[in-house]
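A look at the structure
Spelled out from the first residue to the last, the chains are:
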Amino acid sequence: MAVKFYDSVDDALLKFAVIVTKSNGKWVFCKHKQRETFEVPGGHREKGENIIHTAKRELVEETGAIDFELKAVCAYCVTEENNFNGKETFGLLCYAEVSSFGEIHSEMEKIIITDDMPENWTYPLIQPLLIEELEKRNVIS
């Protein structure tokens, strides 16, 4: 598997948005109802949807975020021979600061707000790299 980062790509290539999220200086992670692992909020772009709207929609659906600031940071792609026939798949990497939460209306069971990274990631070969990229770009520290 390979993960690459780009300052920009053609908008039509962006199939999903992932939002690394913090609230009051702590990390926000989601737990899916059918998994025992934790993940960064995010999801697939709907047909005709603006990719920033995708990011906002997914953040609200998966975390219950009510008040937040969201910033698009960069594009990234994942290449995996067992996924999408080995073709690159592109997403938008965002960062959000959430000041208040409501109810979750999605496939997520709950969120955790923590100082620490989860030990059991849903996507352990991808999501820690997204956080590292945000640190390299001085978006988070």
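Predicted model, so just to flag it, every value in this text is computed and none were measured. (Residues numbered from 1 in each chain as written. Predicted model: local features only at pLDDT ≥ 70, side-chain atom pairs only at ≥ 80, totals over all residues. Heavy atoms only, no water.)

Let's shift gears to the overall build of the chain. Helix and strand content of the chain: 2 helices and 8 strands. In the chain, the order of α-helices and β-strands from amino to carboxyl end is β-β-β-β-β-α-β-β-β-α. In terms of C-alpha radius of gyration, the chain reaches 14 Å, essentially the compact-globule figure of 14 Å for 141 residues. Dimensions along the principal axes, computed over C-alpha positions, put the chain at roughly 35 × 30 × 30 Å. The proportion of buried residues among the 141 residues of the chain is 44%. (Helix = DSSP H or I, 4+ residues; strand = E, 2+ residues; numbered from the N terminus. Rg over C-alpha atoms; globule rule 2.2 N^0.38 Å. Buried < 20%, exposed > 50% of the residue type's maximum accessible area, 1.4 Å probe, protein only.)

Attention now goes to the packing of aromatic side chains. Inspection of the entire model under this criterion finds 5 aromatic pairs. Ring plane angle 35 degrees and centroid distance 6.1 Å describe the contact between F5 and Y76, whose orientation is recorded as tilted. Here F5, found in strand β1 (residues 2–6), pairs with Y76, found in strand β6 (residues 65–79); they are 71 residues apart in sequence, far enough to count as distant. Centre to centre, the rings of F29 and W121 are 5.3 Å apart; their planes meet at 85 degrees, and the pair counts as edge-to-face. Note that F29 is positioned in strand β3 (residues 26–32) and W121 in the loop between β8 (108–114) and α2 (127–136), a separation of 92 residues in sequence. (Phe/Tyr/Trp six-rings, centres within 6.5 Å; stacked < 30°, edge-to-face > 60°.)

So, on to the layout of surface pockets. If you add up the space inside the largest pocket, you get close to 540 Å³. Secondary structure elements with two or more residues in the lining of the largest pocket: β2 (14–23), β5 (42–44), β6 and α2. Across the lining of the largest pocket, the residue classes break down as 12 nonpolar, 7 polar and 6 charged. (1 Å grid on protein atoms, 1.4 Å probe; cavity = no way out; pocket = protein on both sides within 12 Å on 5 of 7 lines; lining within 4 Å. Points joined across faces, edges and corners; volume = space filled by probe spheres on them. Nonpolar A, V, L, I, M, F, W, Y, C, P; charged D, E, K, R; others polar.)

Another aspect to go through is the state of the cysteines. According to the stated counting rule, one finds 0 disulfides in the structure shown. Cysteine C30 is unpaired, with the sulfur of C94 as its nearest cysteine sulfur at 14 Å. Between C74, a free cysteine, and C94, which holds the nearest cysteine sulfur, the sulfur-to-sulfur gap is 9.0 Å. (Disulfide = S-S within 2.5 Å.)

With that settled, the discussion passes to the nonpolar core. V20, Y76 and L134 are the most contacted members of the largest nonpolar core, which totals 20 residues. Counting only elements with at least two residues in this core, the list comes to β2, β3, β6, β7 (89–101) and α2. Tallying contributions element by element places β6 first for this core, with 4 residues. Non-local contacts of Y76, meaning those with residues more than four positions away in its chain, are made with V3, K4, F5, F16, V18, T89, F90, G91, L92, L93, I126 and L130. Judged by nonpolar contacts, the second largest core, of 14 residues, contains L14, I51, A65 and L92. (Core = buried A, V, L, I, M, F, W, Y, C linked by side-chain atoms within 4.5 Å. Contact = heavy atoms within 4.5 Å.)

Here we take up α2. By the burial criterion, the buried members of α2 are Q127, L130, I131, E133 and L134. Mapping the buried residues of α2 onto a view down its axis gives an arc of 155 degrees, with all of them on the same face. Buried residues in α2 make contact with β1, β2, β3, β4 (38–39), β6 and β7. Phi for N138, located one or two positions after α2, is positive at around 60 degrees. (Arc of directions from axis to C-beta.)

The quantities given are spatial measurements derived from coordinates; they are silent on function.
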